[in-house]
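Descriptive structure summary
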Amino acid sequence: MTFPADRPVVLIAEELAPAALEVLADDFDVRHVDGTDRPALLSALAEANAIIVRSATKVDAEAIAAAPRLKVVARAGVGLDNVETAAATARGVMVVNAPTSNIVSAAEQAVALLLAVARHTASASAALKNGEWKRSKYTGIEIAGKTVGVVGLGRIGVLFAQRMAAFGTRLIAYDPYIQPARAAALGVRLVGLDELLAESDFISIHLPKTPETVGLIGAKELHQVKPTVRIVNAARGGLIDEAALAEALAEGRVAGAGIDVYSKEPCTASPLFAFDNVVVTPHLGASTAEAQDKAGLAVARSVKLALQGEFVPDA
Ligand code: NAD
Ligand code: MLT
């Protein structure tokens, strides 16, 4: 099907892969807006038939109400916590995402953070570039033989676990929605959260952000871990209570952390930034050329199908 001369408006609210923009430009009036500039977003939505976002744009009830022509909200990535799906559904607006587009990249980012925390890579690099040749200060720990606790054994948690298995680790996971047989087939033992906290040398979080998971690792949980534990969060800010983590680091109850995501983003100041044993990245889990191409092309296809009124299969 081709679209009429008066082409549907597809609003791009965050950076999208050039390949996806090319695909969209063939059929649509592609417009750009900074999704974090709320007045500009609400005004641009007035004419939008579709909007494509990543994680920074809040597509909530107010945004949906500002978009009378809206047919589809497309999330170029996995997490849908920035989209009020209930409000969209109530208005008959379809919500699509690209659930497998960046899972390898996100799992690799968690592994990279874990390794960087274990070997002080970021601090040692910064120190050396500052003219400091310090070897004993940056003595790390091996990964082999350690217990790695995976919180959330979904798509990314599984890819992360498979990669950590290659390091010769013992893998345990907390995920009440996964069958023990499935975990066992992956070489992972399912445990309760208390057991995971008490036994893990490394903990990596791979949960969606939901009312149930926010603050899952809070002050109480951070009193249950080994003082040698290193914690990685490349899933969503707020799953670990940042203030409680900073307190645990300050009191030596946690040995290090690798953090990609923050409860408020963009985040340019955090108590966590004060610690040498904390490696931070600005939500880069999906920021690879491959993941961006896959996410962008997947949502471009879904938007096209949705605006044609066709069935949209899982991207
Ligand atoms: P998924 O849905 O495949 O897996 C999530 C797992 O969490 C599921 O197995 C589910 O059973 C489990 N879970 C849900 N609630 C739970 C709870 N209360 N306790 C324990 N386990 C629970 O999702 P995924 O593809 O693995 O992605 C996970 C999250 O990673 C996404 O929702 C997104 O927020 C985040 N993510 C971040 C980046 C990044 O750039 N840093 C990139 C991609 C995804
Ligand atoms: C996701 O959930 O897919 C990630 O947060 C990636 C992103 O949008 O950058």
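Residues numbered from 1 in each chain as written. Chains lettered and ligands numbered in written order. Predicted model: local features only at pLDDT ≥ 70, side-chain atom pairs only at ≥ 80, totals over all residues. Heavy atoms only, no water.

1. Observations regarding unusual backbone geometry
Residues Glu-265 and Pro-266 are joined by a peptide bond in cis, for which omega reads -5°. Of note, Pro-266 is situated in the loop between β11 (256–259) and β12 (278–280). Its identity as a non-glycine residue notwithstanding, His-120 has a phi of 55°, on the positive side. For His-120, a relative accessible area of 18% puts it in the buried group. Phi at His-283 is positive, roughly 50°, even though this residue is not glycine. In this structure His-283 comes out as buried when scored by relative accessible area, which is 19%. (Helix = DSSP H or I, 4+ residues; strand = E, 2+ residues; numbered from the N terminus. Buried < 20%, exposed > 50% of the residue type's maximum accessible area, 1.4 Å probe, protein only.)

2. Details of the packing of aromatic side chains
Taken as a whole and judged by the stated rule, the model has 1 aromatic pair. Relative to Phe-273, the ring of Tyr-262 lies with its centre 6.1 Å away and its plane at 85°, an arrangement referred to as edge-to-face. Residue Tyr-262 is found in the loop between β11 and β12, and its partner Phe-273 is found in the loop between β11 and β12; the two are separated by 11 residues along the sequence. (Phe/Tyr/Trp six-rings, centres within 6.5 Å; stacked < 30°, edge-to-face > 60°.)

3. Section: the sheet that holds strand β9 (residues 202–205)
Taking strand neighbours across the sheet as the criterion, the 7 strands line up as β8-β7-β6-β9-β10-β11-β12 in an open arrangement whose pairing is parallel. Here the strands that pair on one side only, and so sit at the sheet edges, are β8 (188–190) and β12. Pairs of neighbouring strands in the sheet enclose a mean axial angle of 15°, with direction left out of account. Across 4 bridges, the pairing between strand β6 (residues 147–151) and β9 is parallel. Bridge pairing in β9 links Val-150 to Ser-204. (Pairing = 2+ DSSP bridges. Axes fitted to C-alpha atoms, helices over the stretch in contact; angles between N-to-C directions.)

4. Remarks on the site of ligand 2
Around ligand 2, the neighbouring residues are Arg-54, Ser-55, Arg-75, Gly-77, Val-78, Gly-79, Asn-102, Arg-236, His-283 and Ala-286. In the environment of ligand 2, an oxygen atom lies 2.6 Å from a nitrogen or oxygen atom belonging to the side chain of Arg-54. The contact in question runs from an oxygen atom of ligand 2 to an N or O atom on the side chain of His-283, over 2.7 Å. For ligand 2, whose accessible area on its own is 270 Å², the fraction buried by protein is 92%. A breakdown of the residues in the shell around ligand 2 according to their chemical character gives 2 nonpolar, 5 polar and 3 charged. (Near = heavy atom within 4 Å. Polar contact = N/O pair within 3.5 Å; in protein donor to acceptor, adjacent residues only side chain to side chain. Areas by Shrake-Rupley, 256 points an atom, 1.4 Å probe, with all protein chains shown as cover. Nonpolar A, V, L, I, M, F, W, Y, C, P; charged D, E, K, R; others polar.)

5. A few points about the site of ligand 1
Taken together, 28 residues surround ligand 1, and among them Arg-155, Ile-156, Asp-175, Ala-234 and Asp-260 come closest. In this structure, an oxygen atom belonging to ligand 1 sits 2.6 Å away from a side-chain N or O atom of Asp-175. One nitrogen or oxygen atom from the side chain of Arg-236 is found 3.4 Å from an oxygen atom belonging to ligand 1. Across the complex, the protein chains shield 88% of the 870 Å² of accessible surface that ligand 1 would expose by itself. Within the shell around ligand 1, the residues separate by chemical class into 15 nonpolar, 8 polar and 5 charged.

6. Describing helix α5 (residues 103–119)
Taking 1.5 Å per residue, 17 residues should reach 24 Å; α5 reaches 24 Å between its end C-alpha atoms and fits that length. Most of α5 sits inside the fold, with 12 of its 17 residues counted as buried. Along α5, the residues that are buried comprise Ile-103, Ser-105, Ala-106, Ala-107, Gln-109, Ala-110, Val-111, Leu-113, Leu-114, Ala-116, Val-117 and Ala-118. Of the residues one or two after α5, His-120 is the one with positive phi, at around 55°. (Expected span 1.5 Å × (residues − 1).)

7. Here we look at the side chain of Ser-101
Relative to the helices and strands, Ser-101 resides in the loop between β5 (94–97) and α5. Engagement of the side chain of Ser-101 in a polar contact is seen with the backbone oxygen of Ala-98, the distance being 2.8 Å. Setting aside chain neighbours within four positions, we find Ser-101 in contact with Gly-77, Ala-291, Lys-294 and Ala-295. (Contact = heavy atoms within 4.5 Å.)

8. Considering the confidence of the model for the protein
When pLDDT is averaged across the protein, the result is 97; 98% of the residues are at 70 or more. Interface confidence for the predicted complex, given as ipTM, is 0.99, next to a pTM of 0.97. (pLDDT = per-residue confidence, 0-100.)

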